[in-house]
Amino acid sequence: MTELRDVLDSMEARHIALPLSEALVCTFDDAVGPLVSLMERRQFDCCPVLEGGVPVGVFDRLLRASSVELGTRPLIVGQLISADTRILELARKLDEHDFVFVLSGSRISGFITVADLGSTLARSFCYLQLASVEMGLSKYLRSRFPDQPLAIELLGESRQKAHLSLVDRLKKEDQYIDDFAACSLEDLLRIVGKDQVFRQALTDNRGWQNLKSGLIDFRNDVMHPSRPLVAPGVRSVSKFVEKIENLQIIAHAVDRILREPDAEL
């Protein structure tokens, strides 16, 4: 899983940021009426305010101000991030500020908004986090349960029936690999949740129910581009951050067991 971890670590804010040269920007001298109309047509709530070509704040059309200056929120230090900031840390920053500027060296080169957490690269980051967990859990369970049907018996009756039906179909189509390859992420989480070796490897104190809560819905959102990853609402970004953190906690637990299978847990 090292190669996948390297790919995840290589995804940075610079890859998501919209360059200032390509963005809708404004100055304090712009007439507010035409600016707001243009933003409404493009479905933008905010845009950078430049002074001498340098961002000094963010104009928010929802403030309904009579001038650009009155509708501008000043740029603060907390909204500045390095271009090499990793995606999870970027999301944490967007939980504090809905609009951040990216520094390349000492120059502000672009910006990122909460909506950009639904970009292609951000979705790819989330998908790889999920893939890391699914592949890791399958690998662990294969080593933990050489007799795979014993693991499948840890599922509820309805999930066992659904799994058996899928296995039968895959065998008829000559696509069957093994029982774990036929498990959904939900099935894998249910099985490891009943495995004490795995549970003891979890170093976070959030509790297993909290760790796995919402991960299936999150996976469905990631796999369907029309669904927003960060939906409007209270604490939406913090929920996004929590899902990524939980996936990483699970992945790290699996890595620890696979790396030290004989360690005292």
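Above: the structure in question.
Residues numbered from 1 in each chain as written. Predicted model: local features only at pLDDT ≥ 70, side-chain atom pairs only at ≥ 80, totals over all residues. Heavy atoms only, no water.

Visitor: Could you give me a rundown of a negative patch on the surface, with the residues and numbers involved?
Guide: Judged by side-chain charge, Asp29, Asp30, Glu51 and Glu69 come together as a negatively charged surface patch. With respect to the element layout, glutamate 51 can be found in strand 2 (residues 46-51). (Patch = residues over 30% accessible without salt bridge, like charges linked within 9 Å, V, L, I, M, F, W, Y side chains within 5 Å. Areas by Shrake-Rupley, 256 points an atom, 1.4 Å probe, with all protein chains shown as cover. Salt bridge = Lys/Arg side-chain N within 4 Å of Asp/Glu carboxyl O. Lys, Arg positive; Asp, Glu negative; His and termini not counted. Charge placed at Lys NZ, Arg CZ, Asp CG, Glu CD. Helix = DSSP H or I, 4+ residues; strand = E, 2+ residues; numbered from the N terminus.)

Visitor: Provide a residue-level description of the sheet that holds strand 5 (residues 80-82), including the pertinent values.
Guide: In spatial order, the strands read 1-7-6-5; together these 4 strands make up an open sheet with mixed pairing. What marks the edges here is a single partner per strand, and that holds for strand 1 (18-19) and strand 5. Together, strand 5, strand 6 (99-104) and strand 7 (107-113) form the strand contacts of helix 4 (residues 87-96), whose direction differs from that of strand 6 by roughly 135°. (Pairing = 2+ DSSP bridges. Contact = heavy atoms within 4.5 Å. Axes fitted to C-alpha atoms, helices over the stretch in contact; angles between N-to-C directions.)

Visitor: Just give me the short version of the pairing of strand 7, but keep the residues and values in it.
Guide: With 6 of its 7 residues buried, strand 7 lies for the most part within the structure. Sheet topology places strand 1 next to strand 7; 2 bridges connect them, and they run antiparallel. If you follow leucine 18 over to strand 7, its bridge partner there is phenylalanine 111. In the sheet, strand 6 pairs with strand 7 via 6 bridges, with the strands oriented antiparallel. Looking at strand 7, one finds that leucine 103 is bridged to isoleucine 108. Hairpin remark: strand 6 followed by strand 7, antiparallel, with 2 residues in the connecting loop; positive phi at glycine 105, about 70°. (Buried < 20%, exposed > 50% of the residue type's maximum accessible area, 1.4 Å probe, protein only.)

Visitor: Requested: an account of helix 11 (residues 215-223), with residues and values cited.
Guide: Those residues of helix 11 that sit buried are Leu215, Phe218 and Val222. Here the buried residues of helix 11 occupy an arc of 55° about the axis, which is enough to place them on one side. Buried residues belonging to helix 11 abut helix 5 (120-144), helix 8 (185-192), helix 10 (208-212) and helix 12 (236-259). (Arc of directions from axis to C-beta.)

Visitor: Lay out the nonpolar core in plain terms, naming residues and giving numbers.
Guide: Counting residues in each nonpolar core, the largest one holds 59 residues, and the members touching the most others are Ile112, Leu137, Ile191, Phe198 and Phe240. Apart from the residues lying within four places of it in its own chain, the contact partners of isoleucine 112 are Ala13, Ile16, Ala17, Leu90, Leu94, Asp98, Phe99, Val100 and Val102. Membership of the second largest hydrophobic core comes to 10 residues, among which are Cys26, Leu35, Cys47 and Val49. (Core = buried A, V, L, I, M, F, W, Y, C linked by side-chain atoms within 4.5 Å.)

Visitor: Before we move on, could you go through the pattern of salt bridges and cite the residues and values that matter?
Guide: What the rule picks out here adds up to 18 salt bridges. Here arginine 142 makes a salt bridge to aspartate 178, at a shortest N to O gap of 2.5 Å. With arginine 142 in helix 5 and aspartate 178 in the loop between helix 7 (157-172) and helix 8, this pair connects stretches of sequence that are 36 residues apart. What emerges from the salt-bridge pattern is a single network uniting Glu89, Arg92, Arg206 and Glu245.

Visitor: So what about the environment of leucine 155? Which residues, and what values?
Guide: The residue leucine 155 is located in the loop between helix 6 (148-152) and helix 7 in this model. Residues leucine 155 and leucine 188, 33 residues apart in the sequence, show an inter-C-alpha distance of 9.2 Å. Not counting residues within four places of it along the chain, the set of residues in contact with leucine 155 comprises Gln160, Asp187, Arg190 and Ile191.

Visitor: Explain the environment of valine 102 to me, and be specific about the residues and the numbers.
Guide: Tracing the chain through its elements places valine 102 in strand 6. Those residues in contact with valine 102, other than ones at most four positions away along the chain, are Ala13, Ala17, Ile81, Ser82, Ala83, Arg107, Ile108, Ser109, Gly110, Phe111 and Ile112.

Visitor: Outline the layout of surface pockets, listing residues and values.
Guide: Regions of empty space are outlined by a rolling probe, equal in size to a water molecule, passed over the atoms. Roughly 480 Å³ of volume is contained in the largest pocket. Around the largest pocket sit 20 residues that line it, and Phe44, Asp45, Cys46, Thr113 and Ala115 are the ones nearest its centre. Breaking the lining of the largest pocket down by element, the ones donating at least two residues are strand 2 and strand 7. Of all the elements, strand 2 adds the most residues to the lining of the largest pocket, at 3 residues. When its residues are assigned to classes, the lining of the largest pocket shows 13 nonpolar, 2 polar and 5 charged. The calculated volume of the second largest pocket comes to roughly 280 Å³. Along the wall of the second largest pocket there are 19 residues; nearest its centre are Val114, Ala115, Val230, Ala231 and Ser236. Of all the secondary-structure elements, those providing two or more residues to the lining of the second largest pocket are helix 4 and helix 12. Broken down by element, the residue count for the lining of the second largest pocket peaks at 3 residues, all from helix 4. For the lining of the second largest pocket, the residue count by class is 11 nonpolar, 3 polar and 5 charged. (1 Å grid on protein atoms, 1.4 Å probe; cavity = no way out; pocket = protein on both sides within 12 Å on 5 of 7 lines; lining within 4 Å. Points joined across faces, edges and corners; volume = space filled by probe spheres on them. Nonpolar A, V, L, I, M, F, W, Y, C, P; charged D, E, K, R; others polar.)

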